[in-house]
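Inside the fold
Here is how the chains run, residue by residue.
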Amino acid sequence: MAKTKNDLLPSEGGFGNEPLLAVDNLHVEFHTRAGVVKAVNGVSYSLSAGETLAVLGESGSGKSVTAQAIMGILDMPPAVIPKGEVRFRGTDLLRLSEDARTQVRGQRIAMIFQDALSSLNPVFTVGWQISEMFRVHRGMSKRDAMKKAVELMERVRIPAAKQRVNDYPHQFSGGMRQRIMIAMAIALDPEVLIADEPTTALDVTVQAQIMELLADLQRESNMGLILITHDLGVVADVADKIAVMYGGRIVENAPVHDIYKAPAHPYTKGLLESIPRVDLKGQELYAIKGLPPNLLDMPSGCAFNPRCPYRQDNCVTDVPPLHEISGVRSSACHYWREVLDGS
Amino acid sequence: MSSSVASPPQSGGRHQKKQNDKPASLWSDAWYDLRRKPAFVISAILIGVLLLMAIWPTLFSSVDPRACDLSVARQAPSAGHLFGRDNLGCDVYSRTIHAARNSIVIGVLTTVLVAVIGGLLGMVAAFYASMTDTVLSRLTEIFFAIPGILGALLIASTFRDQINSILLVIVSLTVLSWPMTFRIMRAAVITAKNQDFVVAARALGAGPSRLMFRHLLPNALAPVIVVSTINLGVFIAAEAALSFLGVGVQSPDISWGLMISDARDRFLDAPLPLIFPAVFLSITVLAFIMLGDAVRDALDPKLR
């Protein structure tokens, strides 16, 4: 692939055993008038080329904030990153200058968002917006960039791309808009794509199409994909591994099949049990009792302890470390053995 | 009028048209609305005539506005001199026509300067927020505290010997008027800034200048355009006020305010030299304010 990439970061090779992207002990706080909100408390995960990592968690678990910290699009202030590293090919992005980070964004790490309508600029045609990527970052002429835009729209399977390239975002359906966002995100062949709840705003049939599209694009280009979601059903088919977040921490890391077979954290277990299932029709749907933790006032010990059916005395006093279960699995629960056996 | 005939083709017709046409953007939609507004059409025609007057005054009058003859001062209207003659025996009609240029030049240039200065600073303040915003906003408030025409009077009378009088009017009006545009632009950019597409553009590698000029400006421009169109009329009136007070346009330049001021002394003997420029001034100001209103309705249907 002949790409004109900037020289700020090492390109392929030369980063030893480093994964493509590694988040290491990341902390993010928001300094608000009400106090310090600890949104992310020591999150670590890694991603290799061609791999799909699903980051799972409910609202306020810190999954989106982690992604925004990777992209460097947090508003600082109020956000502060007191600790941690985000290594992309061995380089800590958090220590790069703003100019250097702008070079990384879009070209090497790109991101798509939940609501594709509001993520597109309403006053420009979609063709203009997609071709902007080529004009700005590749210095292409208007005509060449427009041609590339049509190609991209075909690549994300927008029917009649040639005719629709001059339409405005509001003239597209939700699924088509998300395709356009994806086209913009993959325009410059990024090595990592972060998708922040890409299908939440779409209806179910379209959700499946978008997930399939993402999986296909990833296969074609071998990029790493971080899929942020709260929907376990969405990730089952596409993800390689799952990181479950709760209260700003990762509570369980596992390959996707292991987690569905036997979760090792009570929160993951609760999530799995609360998926509606056809064979349990008529029975009451399980719900994790209680509410997500208040990030201003976290429970002592394990953040999940007020809601946990496995709670013992030490859960209230000791923060459980991330116990390694096997080479690829870990769980932040004192009683992971019981959880694993019990299911 | 019977409504039974018109209703179905009307709605269908418009819809059809939109589908065949190029896709409707905010601006093409606004243009579609505008063309159908009598207020817009009338003000546009008036402004067209005024612009013509400003560019080629000789199209309307072949009489030299500076050829004055004291012996025929305050002569009543006649065939050759439609509006009669003023205190100095100059042709009122010709002077009224020739004054349009200064009034419109002052109005347009002040509006452009105010929109550019206020708009840019407002955008920068909203975009960078924190310190930049605080400093710029406090600066704006200082200017806001100066009472309008009094401040312009002060500036214009202080520098009247150093600068060309028309330029001076433009500068003094601009200095006192940019804060309003600043505030409008700042508010509009703050609203636009929090929208997802700006975050998305950042996530795809857009730098600050691209974010400001490509993503924020087009989405925050509408209110500034509206206020600017209305302001244009206001500035023309302000120029007349300054000239009337003797610190605006200076003779031998011609302006409506100056003509009104000159004719004021003998108004009871000869009212026409005051009435004609005053009517032209009113029509011009009205035309621009009407245009601004129509543009506002078209660009911001919520205000209707």
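Computed from a prediction, not measured in an experiment: that's the story for all the values here.

**Quick look at the overall build of chain A**
Helix and strand content of chain A: 12 helices and 12 strands. For chain A, whose C-alpha radius of gyration is 21 Å, the value lies close to the compact-globule estimate of 20 Å for 343 residues. Structurally, chain A occupies a C-alpha span of about 65 × 50 × 40 Å along its principal axes. Within chain A, buried positions represent 44% of all 343 residues. Partitioning the intrachain contacts of chain A with sequence separation of at least 6 by distance along the chain shows that 65% fall at a separation of at least 24.

**Thoughts on the overall build of chain B**
Within chain B one finds 11 helices and zero strands. Written out in order from the N terminus, the α and β elements of chain B read α-α-α-α-α-α-α-α-α-α-α. Contacts spanning at least 24 positions in sequence make up 69% of the contacts within chain B whose residues lie at least 6 apart.

**A few points about the interface of chain B and chain A**
At the interface, 17 residues of chain B touch 24 residues of chain A. Those elements giving two or more residues to the side of chain B that touches chain A turn out to be helix 8 (196-203) and helix 9 (208-244) of chain B. For the side of chain B that touches chain A, the element with the most residues is helix 8 of chain B, which contributes six residues. Among the residues making up the side of chain B that touches chain A, the classes are represented as eight nonpolar, six polar and three charged.

**Some thoughts on the sheet that holds strand 7 (residues 192-196) of chain A**
Residues and elements named next belong to chain A. The strand order across the open sheet formed by eight strands is 6-7-8-3-9-10-12-11, and the pairing between neighbours is mixed. The open sheet terminates on both sides in strands that have one partner only, identified here as strand 6 (109-112) and strand 11 (323-324). Inspection of the sheet shows strand 10 (residues 249-255) paired to strand 12 (residues 330-331) by two bridges, in the antiparallel sense. Its bridge partner being in strand 12, E252 is matched across the sheet by S331. Of the strands in this sheet, strand 3 (52-56), strand 6, strand 7, strand 8 (224-229) and strand 9 (241-246) touch helix 1 (residues 63-71), which is tilted by about 145° from strand 7.

**Quick notes on the UniProt feature "transmembrane region" (unreviewed entry) in chain B**
All names here are of chain B. UniProt annotation of "transmembrane region" (unreviewed entry) refers to residues 39-56, 104-130, 142-159, 165-185, 220-249 and 274-295 when read in the numbering used here. Annotated as residues 220-249, this span is 83% helix and 0% strand, and its ends, taken at the C-alpha atoms, are 35 Å apart. Split by type, residues 274-295 is 100% helix and 0% strand. Its first and last C-alpha atoms lie 32 Å apart.

**Considering the packing of helix 6 (residues 174-186) of chain A against helix 7 (residues 204-221) of chain A**
When two helices pack together, their arrangement is captured by the angle between the axes and the distance separating the axes. Residue and element names in this part refer to chain A. Remark: helix 6 packs on helix 7, axes separated minimally by 10 Å, with the N-to-C direction vectors making an angle of 15°. The pairing of helix 6 with helix 7 is recorded here as roughly parallel in orientation. When the axes of helix 6 and helix 7 are compared, the crossing they make is right-handed. Side by side, helix 6 and helix 7 meet where G174, G175, Q178, R179, I182 and I186 of the first sit next to V206, Q209, I210, L213, L214 and L217 of the second. Within the contact of helix 6 with helix 7, the residues separate by chemical class into seven nonpolar, four polar and one charged.

**Comments concerning the packing of helix 7 (residues 165-193) of chain B against helix 9 of chain B**
Residue and element names in this part refer to chain B. The N-to-C vectors of helix 7 and helix 9 enclose an angle of 160°; their axes lie 9 Å apart at closest approach. Taken as axis vectors, helix 7 and helix 9 run roughly antiparallel relative to one another. The interaxial crossing formed by helix 7 with helix 9 has right-handed handedness. Where helix 7 abuts helix 9, its residues V169, L173, S177, M180, T181, I184, M185, A188, V189, A192 and K193 lie against L216, N219, A220, P223, V224, V227, N231, F235, A238, E239 and L242.

**Considerations on the UniProt feature "domain: ABC transmembrane type-1" (unreviewed entry) in chain B**
UniProt records the feature "domain: ABC transmembrane type-1" (unreviewed entry) at residues 100-292 of chain B, using the numbering of this structure. Secondary structure content for residues 100-292 of chain B is 82% helix and 0% strand, while the C-alpha to C-alpha distance between its ends is 19 Å.

**A short note on helix 4 (residues 92-128) of chain B**
Residues and elements named next belong to chain B. A rise of 1.5 Å per residue sets the reference length of helix 4, with its 37 residues, at 54 Å; its end C-alpha atoms lie 53 Å apart and thus fit the reference within 8%. Judged by how many residues are buried, helix 4 sits mostly within the fold: 27 of 37 residues are covered. A129 sits one or two positions beyond helix 4 and adopts a positive phi of about 50°.

**Overview of the nonpolar core**
The biggest cluster of nonpolar side chains holds 171 residues, and the ones touching the most others in it are I130, A183, A185, I194 and I226 of chain A. Ignoring any residue separated from it by four or fewer positions in sequence, one finds A185 of chain A in contact with A110, M111, I112, P190 and L193 of chain A together with L204 of chain B.

**Observations concerning the UniProt feature "domain: ABC transporter" (unreviewed entry) in chain A**
The sites that carry the UniProt feature "domain: ABC transporter" (unreviewed entry) are, in the present numbering, residues 21-272 of chain A. Taken end to end, residues 21-272 of chain A comprises 38% helix and 28% strand; its first and last C-alpha atoms sit 28 Å apart.

**A few points about the environment of A185 of chain A**
Residues and elements named next belong to chain A. Counting through the fold element by element, A185 comes out in helix 6. With 27 C-beta atoms counted inside 10 Å, the residue A185 sits in the buried group. Sequence-wise, A185 and I112 are 73 residues apart; in three dimensions their C-alpha atoms are separated by 6.7 Å.

**Topic: the sheet that holds strand 5 (residues 91-92) of chain A**
All names here are of chain A. With respect to topology, four strands assemble into an open sheet ordered 2-1-4-5, the strand pairing being antiparallel. Two strands in the sheet have a free side with no partner beyond their single neighbour: strand 2 (35-47) and strand 5. By the bridge criterion, 10 bridges tie strand 1 (residues 21-32) to strand 2 in an arrangement that is antiparallel. Within strand 2, the position partnered with T32 by the bridge is G35. Contacting strand 1, strand 2 and strand 4 (79-88), helix 1 crosses the sheet at an angle of about 105° to strand 1.

**Considerations on the pairing of strand 4 of chain A**
All names here are of chain A. In this sheet, strand 4 lies alongside strand 1 in antiparallel orientation, the contact comprising seven bridges. Each residue of the ladder has a partner; that of D24, found in strand 4, is E85. Here strand 4 pairs with strand 5 via two bridges, running antiparallel. Bridge pairing links F88 to T91 in strand 5. Between strand 4 and the antiparallel strand that follows it, strand 5, lie two residues; R89 among them carries a positive phi value of about 50°.

**Focus: the environment of L139 of chain B**
Following the sequence through the fold, L139 of chain B ends up in helix 5 (residues 130-144). Through-space distance from the C-alpha of L139 of chain B to that of P179 of chain B is 8.7 Å; in sequence the pair is 40 residues apart.

**Let's talk about the pairing of strand 3 of chain A**
Residues and elements named next belong to chain A. In terms of burial, strand 3 is a largely internal element, five of the five residues being buried. Residues T52, A54 and L56 of strand 3 are buried on one face, and the alternating residues L53 and V55, pointing to the opposite face, are buried as well. Pairing analysis gives four bridges linking strand 3 to strand 9, with the strands arranged parallel. Following the sheet pairing, A54 is matched in strand 9 by I242.

**Some remarks on unusual backbone geometry**
All names here are of chain A. Its identity is not glycine, yet N25 carries a phi of approximately 50°, on the positive side. The topology assignment puts N25 in strand 1. Residue classification places N25 among the exposed residues on the basis of 11 C-beta atoms within 10 Å. The residue R157 is not glycine, and still its phi comes out positive at about 60°.

Rules of the game
Residues numbered from 1 in each chain as written. Chains lettered and ligands numbered in written order. Predicted model: local features only at pLDDT ≥ 70, side-chain atom pairs only at ≥ 80, totals over all residues. Helix = DSSP H or I, 4+ residues; strand = E, 2+ residues; numbered from the N terminus. Rg over C-alpha atoms; globule rule 2.2 N^0.38 Å. Buried ≥ 20, exposed ≤ 12 C-beta atoms within 10 Å, placed from the backbone. Contact = placed C-beta atoms within 7 Å. Nonpolar A, V, L, I, M, F, W, Y, C, P; charged D, E, K, R; others polar. Pairing = 2+ DSSP bridges. Axes fitted to C-alpha atoms, helices over the stretch in contact; angles between N-to-C directions. UniProt positions renumbered as here; feature names shortened; annotations may be inferred. Parallel < 35°, antiparallel > 145°, perpendicular 65-115°, else oblique. Left-handed = near helix turned anticlockwise from the far one by under 90°. Expected span 1.5 Å × (residues − 1). Core = buried A, V, L, I, M, F, W, Y, C linked by C-beta atoms within 7 Å.

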